[in-house]
2 protein chains.
Amino acid sequence: MNVKTPPHPGSKKDVSRQGGCFHKYLFSKILRQTLSLVPSPSYPMPSVTVENYLKQIYLLQQGGELAPMGGLAVAVGVTPGTATSMVKTLADANLADYAPRAGVRLTEAGTRLALQVLRRHRLIELFLVQTLGLDWSEVHDEAEELEHAISDKVLEKIDALLGHPDTDPHGDPIPPSTGKPRQQKLTPLTECTPDMAGEVARVTDQAAEFLQFVDRQGLTPGAQFTVESQSPTADAITVRPHNREPVTLGTAAAMKIMVKVEE
Amino acid sequence: MNVKTPPHPGSKKDVSRQGGCFHKYLFSKILRQTLSLVPSPSYPMPSVTVENYLKQIYLLQQGGELAPMGGLAVAVGVTPGTATSMVKTLADANLADYAPRAGVRLTEAGTRLALQVLRRHRLIELFLVQTLGLDWSEVHDEAEELEHAISDKVLEKIDALLGHPDTDPHGDPIPPSTGKPRQQKLTPLTECTPDMAGEVARVTDQAAEFLQFVDRQGLTPGAQFTVESQSPTADAITVRPHNREPVTLGTAAAMKIMVKVEE
DNA sequence: CACTAGACTTTGATTGGTCAAAGTTGTTAT
DNA sequence: ATAACAACTTTGACCAATCAAAGTCTAGTG
Ligand SMILES: [Mn+2]
Ligand SMILES: [Mn+2]
Ligand SMILES: [Mn+2]
Ligand SMILES: [Mn+2]
């Protein structure tokens, strides 16, 4: 089954056009089918662009908040005007609720699609590390493309091959194919105090350089450590991974490392 | 490195436009860099569309012939007008030579790109069969998408994992990463005569139904067989795969099966 | 040699996605 | 309250890719 580009119906001059920069009416119509109450027989696949916006909105709205338009524009790499225009389209398609000058939030249908993209992204990342032996610092960019190209069939084969994992190489949870994603309760390393022991659970920065640094210092997810010292005034925290040299991190860096604290 | 959409320079009214439907002048300019004599530092990636056209032209022009525009339009799934327009763009970009009303042929640069796409396609097909366990009848469509999403790095990992194979699941040769593709000298099954023995080498039809049939009858690449009878008049040939029931094929079907004849 | 049918090209329009630049607003700080 | 500013939206344009329909060639056929 190929990606079916929506047919080109309304040829010649066509119907109502309100003023300004108003395109996309057909697109909206098609997406609207996606969430029709009757389970539609053939889903029209959302475009790569739509998938990217949905995923970024999902990631920005963590915790019921509205995702800010500015942040969204930066996240998808477009100008603010482009983001506004696209978000309106998503709202027309009932994939998002848009509050002008306040922000955007996904609807139920939008969330469902976003989670599918996220699942693909994270399973692919793990696959690239586990099966093909890429470094965890390179897989994010690869997955950014592949997440739009892989079919459900291939995805489920990968999932099975990996043994139905539930976290990706960075410790991010892999959403299940249906249902709500698990919610881990993790602590940022910044909130740890001296003598606390814990385990690195998640690294929330995909920048290759940072990931390589974290790996070199032995702080990849799963690594056990003890906090040696911590000082908000010095803006730094020193931790000692088991059987490793101690590492001192500034607050900005430590905030990107989420840990599971021993109780 | 993300797919860099070419920047949007010449804003506002801009330079020369000859009459008619003349877009794509910028696009051409960018692609032209690809084959500049100076090795350009950052290749602008050809779009998915360009990759698909190049691949299909390559496959249609087998043997120095000009690929016919009509066949190309069918192959890429667009109307003839669209194919004409795109081929002109490719010619502007020096990826193809276009002879109006005669056909199109790839240039050196176009051939290089086409072979890269074909290499990705076929390695991916084999990977999907070998590593993920998909059926050989489903991998073509999957690869049609993935061939545009996979980086050189991932491709070389796959190549290594598969042991640098030289044919895909259908027996099609996998072009090497540099240099000319191997040329097999194969015989269509239609040209075999009774009592000849041989080995299936290649099945040149990607239709799932045909591939499933071939598999059921035991005529997948590598299968040894003997010709039982052949009659151009009856338009049919009967072959017996080793340790299998004999199969009778019409000429149209037998032509799609290429074999290596025992000398 | 003139005709014609099919293959191809041209023309004009559409859509999704984008940007630059100008216009609008809501929120802070005086 | 008001001014300033950053964040956001609007406007008008562009480009790649496409189609439908109308126009043009060309290779036969008679
Ligand atoms: Mn992406
Ligand atoms: Mn990740
Ligand atoms: Mn393709
Ligand atoms: Mn193949």
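Our subject is the structure that appears above.
First, a word on scope: everything that follows refers to the structure included in this document. (Residues numbered from 1 in each chain as written. Chains lettered and ligands numbered in written order. Predicted model: local features only at pLDDT ≥ 70, side-chain atom pairs only at ≥ 80, totals over all residues. Heavy atoms only, no water.)

This next bit is on the sheet that holds strand E5 (residues 224–231) of chain B. Residues and elements named next belong to chain B. Read across the open sheet, the six strands follow the order E3-E8-E4-E5-E6-E7; overall the sheet is antiparallel. One side of each edge strand has no neighbouring strand; the edge strands of this open sheet are strand E3 (187–188) and strand E7 (247–250). In the sheet, strand E4 (residues 197–203) pairs with E5 via three bridges, with the strands oriented antiparallel. When the sheet's bridge partners are listed, Gly198 is paired in E5 with Phe225. In the packing of helix H8 (residues 208–216) onto the sheet, the strands contacted are E4, E7 and strand E8 (257–261), and the crossing angle to E4 comes to about 155°. (Pairing = 2+ DSSP bridges. Helix = DSSP H or I, 4+ residues; strand = E, 2+ residues; numbered from the N terminus. Contact = heavy atoms within 4.5 Å. Axes fitted to C-alpha atoms, helices over the stretch in contact; angles between N-to-C directions.)

The next point concerns the sheet that holds strand E6 (residues 236–241) of chain A. All names here are of chain A. Strand order in the open sheet made by the six strands is E3-E8-E4-E5-E6-E7, with antiparallel pairing throughout. The sheet is open, and its two borders are formed by strand E3 (187–188) and strand E7 (247–250), each paired with just one other strand. Pairing of E6 with E7, which is carried by four bridges, proceeds in the antiparallel orientation. Looking at the pairing, Thr238 lines up with Thr248 of E7.

Moving on, we come to the coordination of the manganese ion (ligand 2). Of the protein atoms, only A:Glu125 (OE), A:Asp168 (OD) and A:His170 (ND1) coordinate the manganese ion (ligand 2), at distances of 2.1 to 2.3 Å. Ordering the donors of the manganese ion (ligand 2) by residue number gives the pattern E-x42-D-x1-H. (Donors = N, O, S within 2.8 Å, 3.2 Å for Na, K, Ca; no water.)

Right, let's get into unusual backbone geometry. Residue and element names in this part refer to chain A. At Asn94, a residue that is not glycine, the phi angle is positive and equals roughly 60°. Positive phi values are uncommon outside glycine, yet Asp235 reaches one of about 60°. The topology assignment puts Asp235 in the loop between strand E5 (224–231) and E6. Take Asp235: its relative accessible area is 42%, and that puts it in the partly exposed class. (Buried < 20%, exposed > 50% of the residue type's maximum accessible area, 1.4 Å probe, protein only.)

Turning our attention to helix H2 (residues 48–60) of chain A. With 13 residues, H2(A) extends 18 Å between its outermost C-alpha atoms, agreeing within 8% with the 18 Å of an ideal straight helix rising 1.5 Å per residue. Taken as a whole, H2(A) has its buried residues at A:Val50, A:Glu51, A:Tyr53, A:Leu54, A:Lys55, A:Gln56, A:Ile57 and A:Tyr58. (Expected span 1.5 Å × (residues − 1).)

Of the residues lining the interface, 22 residues belong to chain A; the matching set on chain B comes to 22 residues. Summed over both partners, the interface of chain A with chain B comes to about 1800 Å²; 62% of that surface belongs to carbon and sulfur atoms. Among the residues chain A hides against chain B, the three largest losses belong to A:Leu132, A:Glu145 and A:Lys157. Together they make up 26% of the total. Seen at the junction of chain A and chain B, the total is two salt bridges. We note a salt bridge from B:Lys153 to A:Glu138, for which the minimum N-O separation is 2.8 Å. Every element with two or more residues in the side of chain A that touches chain B is listed here: helix H5 (108–130), helix H6 (139–146) and helix H7 (152–161) of chain A. With five residues, H7(A) is the single largest residue contributor to the side of chain A that touches chain B. (Buried area = accessible area lost by both parts, 1.4 Å probe. Salt bridge = Lys/Arg side-chain N within 4 Å of Asp/Glu carboxyl O.)

Residue and element names in this part refer to chain A. Remark: H5 packs on H6, axes separated minimally by 9 Å, with the N-to-C direction vectors making an angle of 130°. Taken as axis vectors, H5 and H6 run oblique relative to one another. In the crossing of H5 with H6, the sense of the turn from one axis to the other is right-handed. On H6, the residues touching His121, Ile124, Glu125, Leu128 and Val129 of H5 are Val139, His140, Glu142, Ala143, Glu144 and Leu146. By residue class, the composition of the contact of H5 with H6 is six nonpolar, two polar and three charged. (Parallel < 35°, antiparallel > 145°, perpendicular 65-115°, else oblique. Left-handed = near helix turned anticlockwise from the far one by under 90°. Nonpolar A, V, L, I, M, F, W, Y, C, P; charged D, E, K, R; others polar.)

Here we come to the side chain of A:Glu142. The residue A:Glu142 is located in helix H6 in this model. Of the side chains bearing the opposite charge, B:Lys153 lies closest to the buried A:Glu142, which forms no salt bridge; the N-O distance is 6.8 Å. (Lys, Arg positive; Asp, Glu negative; His and termini not counted.)

Bringing the relation of the copies chain A and chain B into the picture now. With an RMSD of 0.1 Å, chain A superimposes on chain B once it is rotated by 179° and translated 0.0 Å along the axis. Those values place the two copies in the arrangement expected of a two-fold rotation axis. When C-alpha positions in chain A are compared against the rotation axis, the closest is assigned to A:Ala149, at 3.3 Å. Most of the interface of chain A is mirrored in chain B: 100% of its interface residues are interface residues there too. (Least-squares fit on C-alpha atoms with pLDDT ≥ 70 in both.)

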